Amino acid sequence: MTTPTITSLAPLLDRLFLEAEATRGATLAAVADLSDADRARMMRSKTDYADLYGRLKDVPLAVSRETGALLYMLARSSRARTIVEFGTSFGISTLHLAAGLRDNGGGRLITSEFEPSKAARARDNLSAGGLLDLVEIREGDALKTLKADLPDTIDLVLLDGAKALYPEILDLVERHLKPGAIIVADNADDSPDYLARVRMPGSGYISTAFAEDVELSVRIN
């Protein structure tokens, strides 16, 4: 019996999650000079987020273990073949999504990362996991890198970059979403405009807070 890719990735993912947990102090230190109000403002600003994420360029900002497992399960259960991810970081979420594609028989994952050093780390991790052939990492501003050359139909989207840009990224991918396409928005509470949009009656989505830090939406038309 063939071992599922996600199972074979367990040692790599365990190491990456442990490394991410070890950087919590560095994450706090990077924003220690900012007040809570300043952090919230920068998180929700469509311009100041660049400074915030620049401060965090050396830390992974990883999804939780539970969210990673959820991403793999959604990719498998939806039989996804085409996935778009906003916010690669060190590639932990990307590994889960790409494992889903591999275990579905293959596909294409397009992911965008603003910081070149993080994109390089993600490539190394995907290569170590034997999944780089399924993934196209687009470096730079996602408002540019995801503006063109997307698949005709997209099965699954992960939003996990600058929270203020969630509505704009949705604008870029929306016409490609097939009915039944799934959108996972991590830390969506920091993007109130996005939440208002996908929860609005008649928006074309069914959306709910699936977990403490995850909004799960499905395209219904």
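Residues numbered from 1 in each chain as written. Predicted model: local features only at pLDDT ≥ 70, side-chain atom pairs only at ≥ 80, totals over all residues. Heavy atoms only, no water.

Caption draft 1: Local environment of the overall build of the protein chain. When helices and strands are tallied, the protein chain shows eleven helices and seven strands. Relative to a compact globule of 221 residues, whose C-alpha radius of gyration would be 17 Å, the protein chain shows 16 Å and is just as compact. Along the first, second and third principal axes, the C-alpha atoms of the protein chain reach 55 × 45 × 30 Å. Split into buried and exposed, the 221 residues of the protein chain put 51% on the buried side. For the protein chain, the accessible area works out to roughly 10,300 Å², and carbon and sulfur atoms hold 54% of it. If you average the places of the 26 positive and of the 33 negative side-chain charges in the protein chain, the two averages end up 4 Å apart. (Helix = DSSP H or I, 4+ residues; strand = E, 2+ residues; numbered from the N terminus. Rg over C-alpha atoms; globule rule 2.2 N^0.38 Å. Buried < 20%, exposed > 50% of the residue type's maximum accessible area, 1.4 Å probe, protein only. Areas by Shrake-Rupley, 256 points an atom, 1.4 Å probe, with all protein chains shown as cover. Lys, Arg positive; Asp, Glu negative; His and termini not counted. Charge placed at Lys NZ, Arg CZ, Asp CG, Glu CD.)

Caption draft 2: Focus on the sheet that holds strand E4 (residues 154–159). Overall, mixed pairing links the seven strands, which are arranged E3-E2-E1-E4-E5-E7-E6 in an open sheet. Looking at which strands have only one partner, the edges of the open sheet turn out to be strand E3 (135–139) and strand E6 (205–211). The sheet shows a mean angle of 15° between the axes of neighbouring strands, direction not considered. (Pairing = 2+ DSSP bridges. Axes fitted to C-alpha atoms, helices over the stretch in contact; angles between N-to-C directions.)

Caption draft 3: Structural detail: helix H6 (residues 65–77). In this model, H6 (13 residues) spans 18 Å end to end at C-alpha, consistent with the 18 Å of a helix rising 1.5 Å per residue. Those residues of H6 that sit buried are Thr67, Gly68, Leu70, Leu71, Tyr72, Leu74 and Ala75. Positioned one or two residues after H6, Arg79 has a phi angle of 55°, which is positive. (Expected span 1.5 Å × (residues − 1).)

Caption draft 4: A look at the side chain of Asp160. Note on placement: Asp160 falls in the loop between E4 and helix H10 (166–173). A polar side-chain atom of Asp160 sits 3.2 Å from a polar atom in the side chain of Lys163. Each residue touching Asp160, except ones within four places of it in the same chain, is listed here: Leu61, Val63, Phe86, Gly87, Tyr166, Asp186 and Asn187. (Polar contact = N/O pair within 3.5 Å; in protein donor to acceptor, adjacent residues only side chain to side chain. Contact = heavy atoms within 4.5 Å.)

Caption draft 5: The packing of helix H2 (residues 10–22) against helix H7 (residues 92–103), seen in detail. Two numbers describe how H2 lies on H7: the axes approach to 10 Å, and their chain directions differ by 155°. Relative to H7, the element H2 lies roughly antiparallel. Viewed along their axes, H2 and H7 form a crossing whose handedness is left-handed. On H7, the residues that touch Leu12, Leu13, Leu16, Phe17 and Ala20 of H2 are Ile92, Leu95 and His96. Class assignment of the residues belonging to the contact of H2 with H7 gives a composition of seven nonpolar, one polar and no charged. (Parallel < 35°, antiparallel > 145°, perpendicular 65-115°, else oblique. Left-handed = near helix turned anticlockwise from the far one by under 90°. Nonpolar A, V, L, I, M, F, W, Y, C, P; charged D, E, K, R; others polar.)

Caption draft 6: Inspection of empty space enclosed by the protein at higher detail. Scanning the entire structure with this criterion turns up one cavity of 30 Å³ or more. In this structure, the largest cavity encloses a volume near 60 Å³. The wall of the largest cavity is formed by Pro60, Leu61, Ala62, Val63, Gly87, Thr88, Ser89, Phe90, Gly91, Ile92, Ser93 and Asp160. (1 Å grid on protein atoms, 1.4 Å probe; cavity = no way out; pocket = protein on both sides within 12 Å on 5 of 7 lines; lining within 4 Å. Points joined across faces, edges and corners; volume = space filled by probe spheres on them.)

Caption draft 7: Representation of the pattern of salt bridges within the structure. Tallying each qualifying case throughout the model produces 22 salt bridges. Note that Arg138 and Asp149 form a salt bridge whose closest N and O atoms lie 3.5 Å from each other. A residue pair is termed long-range when its members are at least 10 positions apart, and Arg138 in strand E3 and Asp149 in the loop between helix H9 (142–145) and E4 qualify at eleven residues. Using a relative accessible area of 53% as the deciding quantity, one classes Asp149 as exposed. The closest approach of N and O atoms between Arg197 and Glu174, which form a salt bridge, is 3.0 Å. You can see Arg197 sitting in helix H11 (residues 192–199) and its partner Glu174 sitting in the loop between H10 and strand E5 (177–186), a full 23 residues away along the chain. Owing to a relative accessible area of 21%, Arg197 belongs among the partly exposed residues under this scheme. One network of salt bridges, in which partners are shared, links Arg108, Glu136, Arg138 and Asp149. (Salt bridge = Lys/Arg side-chain N within 4 Å of Asp/Glu carboxyl O.)

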